[in-house]
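# Structural characterization, general
Chain residues, written in single-letter form:
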Amino acid sequence: MTEKSDERSLESAIGRARMLLDRRRVDEARDLIASELRSFPEHPDLLHLAGFIEFLDENNDRAREVLEQVLAVDPEHEGARVVLYQVCQDDRRFAEAEQVLLSLLRDFPRDPDYCAWYALLMIATGHFDKALKLADEAVRLDPENEDALIASATCAVVLRRGSEPRDRVSELVRQYPESASTLAMLVAALAEQGKQREALQIAQELLLADPSDEDRVEMCIELRIATHWSMLPLWPMVRYGWLGSAAVWIVFVAYAVFAVPHLSEALALACLALILAYVVYSWVYPGILRRLLSR
């Protein structure tokens, strides 16, 4: 009788903790879960919620440890796999995130959320054709699925599918204002892949939805700088960051060491002056352009 009473009490506590988390009362949920774990230290549902709270607190390493405890006891625990996917994605461990999603899709092949998440993951890793197929399947399973619509609209922009792909993003932002954080993540992913123009289209729609958001303003300015025609000479640096800068410097040094000694004095001076002008341009011009675009 006592054992059954304990089980009912535990189930009630887990239900209350989930309700508190749904209401964003994380501190209360944390205290409740910690109290129950003292009595049931290996209970998978309690550990799953504890791992989720660690993830919400941005303690991803600790969240991973707790979730791995759950999966060691119950490898098919759906909730633990879902949070582990979120942790892996947040840490940009995309290969691990994909493995977790594939395991979920094997068990739940008709779940539109998992299909849509896989599409978003493929966008983040630059596999747009695959992402589009996954997004279309998720929309077929659930025409109102927000993540599926986000993935579909993003693919439409990148792949230039449809007559007005940007309008699809605009409509999505109006219909689902809460989609902004996911779209901002995709903007960053597209920019990293060198698709700054496509990223800018999405970023501009986000800014139109909330012109007072300073992060969105800054995001649009950075992307406008990266896509401005006058930045074309700095393309290696814009596309590859410090690696691009290092490559340019290596080319300059190699040219100065191996080529300049074989040129006439006038031509050598002209080439060195051109290199110096480029260096000054790369240091000074982006700041000038930023001030112009910020007005």
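What comes next concerns the included structure.

What counts and what doesn't
Residue indices follow the written sequence of each chain, beginning from 1 at its first position. Per-residue local features are limited, in this predicted model, to residues with pLDDT of at least 70; the limit for side-chain atom pairs, both in listing and counting, is 80 or more; totals at the level of whole chains, interfaces and linings are taken over all residues. Where side-chain values are given, they derive from all heavy atoms of the structure, hydrogens and water being excluded. The method works on a 1 Å grid over the protein atoms by themselves. A cavity is a set of points holding a 1.4 Å probe that cannot get out, a pocket is an open set with protein on both sides within 12 Å along at least five of seven lines, and residues with an atom within 4 Å of a point line them. Grid points are joined across faces, edges and corners, and a volume is the space filled by probe spheres set on the points. Helix and strand definitions follow DSSP, with helices as H or I runs of at least four residues and strands as E runs of at least two, each counted in order from the N terminus. For this classification, the nonpolar set comprises Ala, Val, Leu, Ile, Met, Phe, Trp, Tyr, Cys and Pro, the charged set comprises Asp, Glu, Lys and Arg, and every other residue, Gly included, is treated as polar. The salt bridge criterion pairs a side-chain nitrogen of Lys or Arg with a carboxyl oxygen of Asp or Glu, the two atoms within 4 Å. For the exposure calls, accessible area comes from a 1.4 Å probe over protein chains only, and a residue counts as buried if that area is under 20% of its type's maximum, exposed if over 50%, partly exposed in between. In summary, the pairing rule links any two rings of Phe, Tyr or Trp, Trp by its six-membered ring, whose centres are within 6.5 Å, and it sorts them by plane angle into stacked for under 30 degrees, edge-to-face for over 60 and tilted for everything else. The patches described consist of residues with a relative accessible area above 30% and no salt bridge, like charges being joined within 9 Å and nonpolar side chains (Val, Leu, Ile, Met, Phe, Trp, Tyr) within 5 Å. In this description, accessible areas are obtained by the Shrake-Rupley approach with a 1.4 Å probe, and a residue is regarded as covered only by the protein chains that are shown.

### Comments concerning the layout of surface pockets
Of the pockets and cavities examined, the largest pocket occupies roughly 490 Å³. If you trace the largest pocket, you find 17 residues lining it, with Gln86, Gln89, Asp90, Thr182 and Met185 closest to the centre. At the level of secondary structure, the elements contributing two or more residues to the lining of the largest pocket comprise helix H5 (78-90), helix H7 (112-124) and helix H11 (180-192). In terms of residue count, the dominant contributor to the lining of the largest pocket is H11 (six residues). Classifying every residue of the lining of the largest pocket gives nine nonpolar, four polar and four charged. The computed volume of the second largest pocket comes to approximately 320 Å³. Lining the second largest pocket are Arg18, Leu21, Asp22, Arg24, Leu49, Phe52, Phe55, Leu56 and Gln86. Counting only elements with at least two residues in the lining of the second largest pocket, the list comes to helix H1 (2-22) and helix H3 (44-56). The element best represented in the lining of the second largest pocket is H3, accounting for four residues.

### Remarks on the pattern of salt bridges
Counted by the stated rule, this structure contains 14 salt bridges. Across the pair Glu28 and Arg25 runs a salt bridge, and its minimum N-O distance is 2.8 Å. We classify Glu28 as partly exposed; its relative accessible area is 40%. Overall, the relative accessible area of 34% leaves Arg25 in the partly exposed class. Close ionic contact of Arg81 with Asp107 constitutes a salt bridge, the shortest N to O distance being 2.9 Å.

### Some details on unusual backbone geometry
With the exception of glycine, most residues fall at negative phi, and the peptide bonds are largely trans. Even without a glycine there, the phi angle at Arg24 is positive, about 65°. Tracing the chain through its elements places Arg24 in the loop between H1 and helix H2 (26-39). Given a relative accessible area of 68%, Arg24 falls into the exposed group. Phi is positive for Arg92, close to 60°, though the residue is something other than glycine. For Arg92, the location among the structural elements is in the loop between H5 and helix H6 (94-107).

### Observations concerning empty space enclosed by the protein
Going through the model one piece at a time under the given rule, you end up with one cavity of 30 Å³ or more. The space that makes up the largest cavity amounts to roughly 40 Å³. Residue lining of the largest cavity: Met237, Val248, Trp249, Phe252, Tyr278, Val279, Ser282 and Trp283, and that is the complete set. Listed by contribution, the elements that provide at least two residues to the lining of the largest cavity are helix H15 (242-259) and helix H16 (265-294). With four residues, H16 is the single largest residue contributor to the lining of the largest cavity. In terms of residue class, the lining of the largest cavity is made up of seven nonpolar, one polar and no charged.

### Looking at the packing of aromatic side chains
A complete count under the given rule lists four aromatic pairs for this structure. For the pair Tyr281 and Tyr285, a centre-to-centre distance of 5.1 Å together with 10° between the ring planes defines the contact as stacked. Taken together, the positions of Tyr281 and Tyr285, both in helix H16 and four residues apart, correspond to about one turn of that helix. An aromatic cluster is built from Tyr85, Phe108, Tyr114 and Trp117, whose rings are joined through pairwise contacts.

### Things to note about a nonpolar patch on the surface
A cluster of nonpolar side chains, namely Trp249, Val253, Val257, Phe258, Leu276, Val280, Trp283, Val284, Ile288 and Leu292, defines an oily patch on the protein surface of about 1,000 Å² accessible area. Top contributing element to the nonpolar patch by residue count: H16, with six residues. By secondary structure assignment, the location of Val280 is in helix H16.

Distances and angles like these do not, on their own, reveal function.
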